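# Observations on chain architecture
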Amino acid sequence: MKPFLLESRDNEALQTLGRASVQIVHDLKNQLNGLKLYATFLRKRSEKSERPPDELETMAKLMAGLDRLAADLSLIVEYGQPVELSKRPATDLQKIMREVVARLNDRSPMTGSLQGSIIIDAQAAPLVGEFDPVVLAQALESISIGAMKLANNAGTPPWAIRLKDEGNRAARAGVIEWAVPEALDHDPFRSFAGSDELRLSLAARIVEAHGGSAESAPGALRVRLPLTP
């Protein structure tokens, strides 16, 4: 029985550490909000006093950096919380994915690694299951953006996202595939190398909370979600 007790204590210690980390991040975020307030005040004063363009550009970069840091801290807090779902029966996975793609294509302009539009390669029939459409849409959008960055960095934009129905009547699954480079040096769904990977890891947790799976395969990121028989 001793190993089980030790394992239980280790799990409890990890949970305690996780809760403490989330609280620390909350405190850091509050301090960051104060810095953003001062930076906004300085920017407005600089604009009124007609400062040189390079100073205004530096201030804009500072604000953008603070915004990115705030977003990353919010992501860490979100990752540290349990996934809570409000599932709705007869929710069409294909409709969720089409709305995600429409939002991404409507971003104007999409610059840098997110340049280019996406199309959906899917069958006409709906892919119906019991999903939380809001939370799942956020996860699928994170995966779509992550796949675009991976593919565009390698010079192979994912012009199409594939949706298909797999399995049989008793155990059907909706499968979504995003094209990525053939040989990735890590599994983006299981990595914490940066904010992009953390978003993909959180997206994988959301998919798994729906009873599905998220995996990295040669040339693709793949999500499977259970459909209603």
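Given the structure is predicted, the values throughout are model-derived calculations rather than measurements.

## Things to note about the overall build of the chain
What the chain contains, in helices and strands, is 5 helices and 7 strands. Going from the N terminus to the C terminus, the chain shows its helices and strands as α-α-β-α-β-β-α-β-β-α-β-β. Here the chain, with 229 residues, has 34% of them falling under the buried criterion. For the chain, contacts bridging at least 24 residues in sequence account for 75% of all contacts bridging at least 6.

## Some details on the sheet that holds strand β4 (residues 160–167)
Strand order in this open sheet of 5 strands is β2-β4-β5-β7-β6, and the pairing throughout is mixed. Each edge of the open sheet carries a strand with a single partner, namely β2 (119–122) and β6 (213–217). This sheet shows a mean twist of 20 degrees between the axes of neighbouring strands, independent of strand direction. Looking at chain direction, β4 and strand β5 (residues 172–179) are connected through 7 bridges and run antiparallel. Bridge pairing in β5 places R162 opposite E177.

## Some details on helix α5 (residues 195–209)
Spanning 15 residues, α5 covers 21 Å between terminal C-alpha atoms, matching the ideal 21 Å at 1.5 Å per step. What α5 keeps buried is the set E197, L198, L200, S201, L202, A203, A204, I206 and V207. Directly after α5, the chain includes G211, whose backbone phi takes a positive value near 85 degrees.

## Description of the confidence of the model for the chain
Averaged over every residue, the pLDDT of the chain is 78; residues scoring 70 or more account for 80%. Ranking the helices and strands of the chain by mean pLDDT puts strand β3 (residues 128–131) first, with 96, and helix α1 (residues 2–48) last, with 62. In the model, residues 1–10 has pLDDT below 50 throughout and makes 0 contacts with residues more than four positions away in sequence or in other chains.

## Remarks on the side chain of S201
Turning to its location among the elements, S201 is positioned in helix α5. In contact with S201, not counting residues within four places along its chain, are Y79, P188, F189, R190, S191 and F192.

## A short note on the layout of surface pockets
Considering only enclosed or pocket space, the largest pocket measures out at about 210 Å³ in volume. Around the largest pocket sit 11 residues that line it, and R107, E141, S142, I145 and R199 are the ones nearest its centre. Of all elements in the fold, only α4 (133–153) and α5 reach the threshold of two or more residues within the lining of the largest pocket. The element contributing the most residues to the lining of the largest pocket is α4, with 6 residues. Its residues assigned to classes, the lining of the largest pocket comprises 3 nonpolar, 3 polar and 5 charged.

## What about the pairing of β6?
If a strand is regular, its side chains alternate between the two faces of the sheet. Judged from the 5 bridges that link them, β6 and strand β7 (residues 220–226) form a sheet pairing that is antiparallel. Note on β7: the bridge partner recorded for S213 is R224.

## Details of unusual backbone geometry
Of note, the phi angle at A90 is positive, near 55 degrees, even though the residue is not glycine. As for its placement among the helices and strands, A90 is situated in strand β1 (residues 88–92).

## Digging into the nonpolar core
Most often, soluble globular proteins keep nonpolar side chains buried together rather than apart. In this structure, M97, L140 and W178 are the most contacted members of the largest nonpolar core, which totals 39 residues. Where this core is concerned, the elements lending two or more residues are α3 (93–106), α4, β4, β5, α5 and β7. Ranked by the residues each element gives to this core, the list is headed by α4, at 10 residues. Not counting chain neighbours up to four residues away, the residues in contact with W178 comprise M97, L140, I143, S144, A147, I161, G219, A220, L221 and V223. Counting residues in hydrophobic clusters, the runner-up holds 6 residues, among them M63, L66, A70 and L73.

Parameters and conventions
- Residues numbered from 1 in each chain as written.
- Predicted model: local features only at pLDDT ≥ 70, side-chain atom pairs only at ≥ 80, totals over all residues.
- Heavy atoms only, no water.
- Helix = DSSP H or I, 4+ residues; strand = E, 2+ residues; numbered from the N terminus.
- Buried < 20%, exposed > 50% of the residue type's maximum accessible area, 1.4 Å probe, protein only.
- Contact = heavy atoms within 4.5 Å.
- Pairing = 2+ DSSP bridges.
- Axes fitted to C-alpha atoms, helices over the stretch in contact; angles between N-to-C directions.
- Expected span 1.5 Å × (residues − 1).
- pLDDT = per-residue confidence, 0-100.
- 1 Å grid on protein atoms, 1.4 Å probe; cavity = no way out; pocket = protein on both sides within 12 Å on 5 of 7 lines; lining within 4 Å.
- Points joined across faces, edges and corners; volume = space filled by probe spheres on them.
- Nonpolar A, V, L, I, M, F, W, Y, C, P; charged D, E, K, R; others polar.
- Core = buried A, V, L, I, M, F, W, Y, C linked by side-chain atoms within 4.5 Å.

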